[in-house]
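The residues making up each chain are set out below.
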Amino acid sequence: MTETVYRSEPQAQGGDYRPAVILQVLPELDAGGVERGTVDIARAIVDGGGKALVASQGGRLERELDRFGAKHITLPLKSKNILTMRKNIDALVKLIREEGVDIIHARSRAPAWSAYFAARKTGIPFVTTFHGTYSGYNNPFKRRYNAIMTMGDQVIAISKHIANHINKYYKVDPDRLNIVPRGTNVDLFNPENVSQERLIALSNQWRLNGEEYVIMMPGRITRWKGHGFLIGSLPAVLEQLGHRKVRCLIVGSDQGRTGYREEILSQTRKLGLEDIVHIVDHCNDMPAAYMLADVVACPSMEPEAFGRVPSEAQAMGRPVVSTAHGGAMETVLPGETGWLVSPGEVDQLSRALVQVLSLTPEKRAKLAVKGRDHVIAEFSLEQMAERTLNVYAKALKRVIRNAA
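Positions within a chain are numbered from 1, following the residues in the order the chain's sequence is written. In view of the model being predicted, local features appear only for residues whose pLDDT reaches at least 70, and side-chain atom pairs are presented and counted only at 80 or more, with totals across whole chains, interfaces and linings using the full set of residues. Just so you know, side-chain values use all the structure's heavy atoms and leave hydrogens and water out.

Per an unreviewed UniProt entry, the recorded name for the protein chain is Glycosyltransferase, and the organism is Thalassospira indica.

As for the overall build of the protein chain
Numbered from the N terminus, helices here are DSSP runs of H or I no shorter than four residues, and strands are runs of E no shorter than two. Each helix and strand in the protein chain was counted, giving 15 helices and 15 strands. By the compact-globule yardstick of 22 Å for 404 residues, the protein chain fits well, its C-alpha radius of gyration being 23 Å. With respect to the principal axes defined by its C-alpha atoms, the protein chain has extents near 75 × 45 × 35 Å. Looking at the protein chain as a whole, 53% of its 404 residues qualify as buried. A contact between two residues is defined here by any heavy atoms of the two lying within 4.5 Å. For the protein chain, the share of sequence-separated contacts (at least 6 apart) that also reach a separation of at least 24 residues comes to 68%. Surface accessibility in these figures is a Shrake-Rupley result with a 1.4 Å probe; residues are shielded only by whichever protein chains are displayed. Surface exposure of the protein chain reaches about 18,600 Å², of which carbon and sulfur atoms provide 49%. Here the globule rule reads 2.2 Å times residues to the power 0.38, and the radius of gyration is calculated from C-alpha atoms. Only protein chains enter the accessibility calculation, which uses a 1.4 Å probe; a residue whose area is less than 20% of its type maximum is buried, one above 50% is exposed, and one in between is partly exposed.

Things to note about the nonpolar core
Each nonpolar core is a collection of buried residues, namely Ala, Val, Leu, Ile, Met, Phe, Trp, Tyr and Cys, held together in the definition by side-chain atoms within 4.5 Å. The biggest cluster of nonpolar side chains holds 74 residues, and the ones touching the most others in it are L23, V25, L92, I104, F126, I166 and W206. Tallying contributions element by element places helix α4 (residues 109–122) first for this core, with seven residues. With near-sequence residues (within four places) excluded, L23 lies in contact with L53, V54, A55, L92, L95, I96, V101, I103, I104 and H105. Grouped together as the second largest cluster of nonpolar side chains are 31 residues, M217, I231, I250 and V356 included.

Thoughts on the environment of N185
Tracing the backbone through its elements, the reader meets N185 in the loop between β9 (177–179) and α7 (196–206). Under the relative-accessibility criterion, N185 is labelled partly exposed at 30%. When the C-alpha positions of N185 and I376 are compared, they lie 9.1 Å apart, and in sequence the two are 191 residues distant. A distance of 3.1 Å separates a polar side-chain atom of N185 from the backbone nitrogen of D187. Polar contacts here mean pairs of N or O atoms no more than 3.5 Å apart (in protein, one a potential hydrogen donor and the other a potential acceptor; neighbouring residues in sequence count only if both atoms are side-chain atoms).

Examining the UniProt feature "domain: Glycosyltransferase subfamily 4-like N-terminal" (unreviewed entry) in the protein chain
UniProt tags residues 32–187 as "domain: Glycosyltransferase subfamily 4-like N-terminal" (unreviewed entry). When the span residues 32–187 is considered, its composition is 46% helix and 17% strand, and the gap between its end C-alpha atoms is 19 Å. UniProt positions are given in the numbering used here, feature names are shortened, and annotations may be inferred rather than shown by experiment.

Set out below in structure tokens:
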């Protein structure tokens, strides 16, 4: 059960307490890890008896907030225009006072600058979540802009990798820095909750017959994700597996990156892999998609801040082969729930894929149990919610103590 964060009311008779009002701010509410995490925490606040507010430019996830009783406020928080950002300060101050907001939680840089000044004007705690490494950290001017994400009364890093990055480039008091990994919905991503009908529908859509090995690479089609790295490993995989047929499914949208998509297709043609590699675009049923995979590949060429795919795949009992950097170093247990390979090392990647595809049913079943147990213990939505609400409680106590 979700705990409640309480705000003390020192002026109230008998020193009363009430559930806190939490305002999260971000640029917009469309698809993405930042947006998903915002909605998940809003739900946890409501489930704990608190009041959850979210301010953004808006998007399709607004409807989900409405369904469980959170409130969305539309503000132009995506804008980096200095005049708009200044107007957002006044709008947030007004909102804080009207709604009795106790904490403002910023999840992106532009809205964080407005939220910081609004928090200081109203005397409430300012919390930030550092979601990525952010570009330009070697540039003094850009680093100063990024540094707003370290100026919270409490700062959340979404992985140890990000916490190390913060300490290297920005320096944060250890008392203010909290590691809260992203949470996976282990009820949604649960093999027992995926029906045969869903599996059959997706198999038919992707023209799978159940006789092939399926290597799956979910995620946005963008260069740093490492599609070329994976495709380059496939000839050796095919050679070592011999007679068994292999399908490599790239599951994700190119989001308008048509030039890069064509590069991927060109590479497959050059290597004679047109019948092996298929871009199947966005999938609305990822739990079923994972169930169709024999191995899930995460061959990113740059470190992931956290990386939701390894966690989701393990929750579904699927082995993961990932590059050995970033968040994967924390989510994948080498030899127990997956394999880690060096970025760009094609031979390592092909050997790891063959190893996974050659697992006995007994070893695969043991790995599946270990992977799901690992995610439930460390990376569930419940874990993320509990840790985030604990950060809110710390922020409130710190500000109350400082004001005393």
